[in-house]
Amino acid sequence: MSVISTVEATPSRLRIMFEYLEGRAGDEREKLLALLAPRSLPTRSADGESSVAPNALDEALRLGLLVRDREKIAPGGPLDRARRRRHGDVDAFVALVERLLLDPAAPGATSQRSFACALSWLLTRRPSAPLDFSANQLLRLREDLGEEDDYELTSNLRWQNFCYWARYLGYCGFLGVGGKTLVVPDPTASVRRHLADVLPDSGEMRIGEVIAGLAARCPVLEEGATRREVEGRFLRPARDPSRLSQATSLAFRRLQDGGLISIRALADAEARVLDLGDAADRVTHVGRTRVL
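In this text the structure is predicted, and so the values were computed from the model without any measurement. (Residues numbered from 1 in each chain as written. Predicted model: local features only at pLDDT ≥ 70, side-chain atom pairs only at ≥ 80, totals over all residues. Heavy atoms only, no water.)

**A short note on the sheet that holds strand β5 (residues 180–185)**
The three strands are arranged β3-β5-β4 in an open sheet whose pairing can be described as antiparallel. In the strand order of this sheet, the two ends are held by β3 (131–132) and β4 (172–177), each with one partner. One ladder, built from six bridges, connects β4 with β5; its direction is antiparallel. What sits directly across from Leu175, in β5, is Leu182. (Pairing = 2+ DSSP bridges. Helix = DSSP H or I, 4+ residues; strand = E, 2+ residues; numbered from the N terminus.)

Right, here's the structure in full:
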């Protein structure tokens, strides 16, 4: 089980529970269930009980966002106070949930493995060829990786819940075209969040050091441990390691276009190539130009 297969475990429900409990010494399970699913909730099973609240709560416990404290349930960990002060409650909560979902050392890492692998796979897809939100992408996943693992993306509901989480954490965007919703792999928000802790306040870093810093902080980004595991299983030809994926390239270009980072290409330095679909640009150094 993960946030993919527990379709009731949406970002908004988990945040409601966490915000309600934050600053408290904990509360009883029944009170949390009543908060998420009041008796007036119309969607109920044959025995009159809704599965929405219990399933969402159980997933929050598996994730480590909440913990059992004797007879009560309490928050599993505090929000980063410095991040909260700089960027607000929502950003601090996103950073906490991202760590719990992706960090191999997090309490729920085993249960969330499918999410981290599915996210790594999504980031290898081309933003120029968005994926249909309404149609499960299991066939495309198996074209890339074979049939050994499905990363729990076995139904439309699971695919859609995965996309909601990926967008919430800043790894994709939704695009409406001709009455359809398309999923665009785009980690700009995530890359920006992590670059804030990688780039120095002034000066530049070599692109290889930047990519290594991002990978160390987030295992699904370029060269991260989970990303390498997933790409290592591909049936299609491996990407040239000097060439960044299109999704990562898009993130760097968008941050540059937004005036948040500077990108330079020096002739005598190690370079990576930004793959922008119809164009390719060399980059050797990256620096911040504004607060990230």
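Continuing now.
**A look at the layout of surface pockets**
Of the pockets and cavities examined, the largest pocket occupies roughly 460 Å³. Lining of the largest pocket is provided by 20 residues; of these, Thr124, Glu231, Arg236, Arg239 and Ser245 occupy positions nearest its centre. When residues in the lining of the largest pocket are grouped by element, the largest group, three residues, is from helix α11 (residues 225–231). Of the residues contributing to the lining of the largest pocket, the split by class is six nonpolar, three polar and 11 charged. The calculated volume of the second largest pocket comes to roughly 390 Å³. Around the second largest pocket, the lining comprises 21 residues; the ones closest to its centre are Ala95, Glu98, Arg99, His194 and Arg217. Sorting the residues of the lining of the second largest pocket by element identifies α4 (81–87), α5 (89–102), α9 (188–198) and α10 (207–217) as the ones contributing at least two each. (1 Å grid on protein atoms, 1.4 Å probe; cavity = no way out; pocket = protein on both sides within 12 Å on 5 of 7 lines; lining within 4 Å. Points joined across faces, edges and corners; volume = space filled by probe spheres on them. Nonpolar A, V, L, I, M, F, W, Y, C, P; charged D, E, K, R; others polar.)

**Some remarks on the side chain of Asp149**
Among the structural elements, Asp149 can be located in the loop between α7 (138–145) and α8 (156–169). Within polar-contact distance, the side chain of Asp149 engages the side chain of Arg113 at 3.0 Å. Among residues more than four places away in sequence, those in contact with Asp149 are Arg113, Leu141 and Arg233. (Polar contact = N/O pair within 3.5 Å; in protein donor to acceptor, adjacent residues only side chain to side chain. Contact = heavy atoms within 4.5 Å.)

**Some remarks on unusual backbone geometry**
Positive phi is not limited to glycine here, since Glu152 has a value of about 70°. Relative to the elements of secondary structure, Glu152 occurs in the loop between α7 and α8. Even without a glycine there, the phi angle at Glu223 is positive, about 70°. Within the secondary structure layout, Glu223 lies in the loop between α10 and α11.

**A word on helix α12 (residues 246–257)**
Between its first and last C-alpha, α12 extends 16 Å over 12 residues, near the 16 Å set by a 1.5 Å rise per residue. Taken together, the buried positions of α12 are Gln246, Ala247, Thr248, Ser249, Ala251, Phe252 and Leu255. Gly259, located one to two residues past α12, shows a positive phi value of around 75°. (Expected span 1.5 Å × (residues − 1). Buried < 20%, exposed > 50% of the residue type's maximum accessible area, 1.4 Å probe, protein only.)

**Observations regarding the pattern of salt bridges**
Enumeration over the complete set of coordinates arrives at 26 salt bridges. Among the salt bridges present, the one from Asp27 reaches Lys31, with a minimum N-O distance of 3.9 Å. Among the residues examined, Asp27 registers a relative accessible area of 7% and is labelled buried. The closest approach of N and O atoms between Arg83 and Asp197, which form a salt bridge, is 3.3 Å. In this pair, Arg83 sits in helix α4 while Asp197 sits in helix α9, placing the two residues 114 residues apart along the sequence. A single network of salt bridges, built from pairs that share partners, joins Arg83, Asp91, Asp197 and Arg217. (Salt bridge = Lys/Arg side-chain N within 4 Å of Asp/Glu carboxyl O.)

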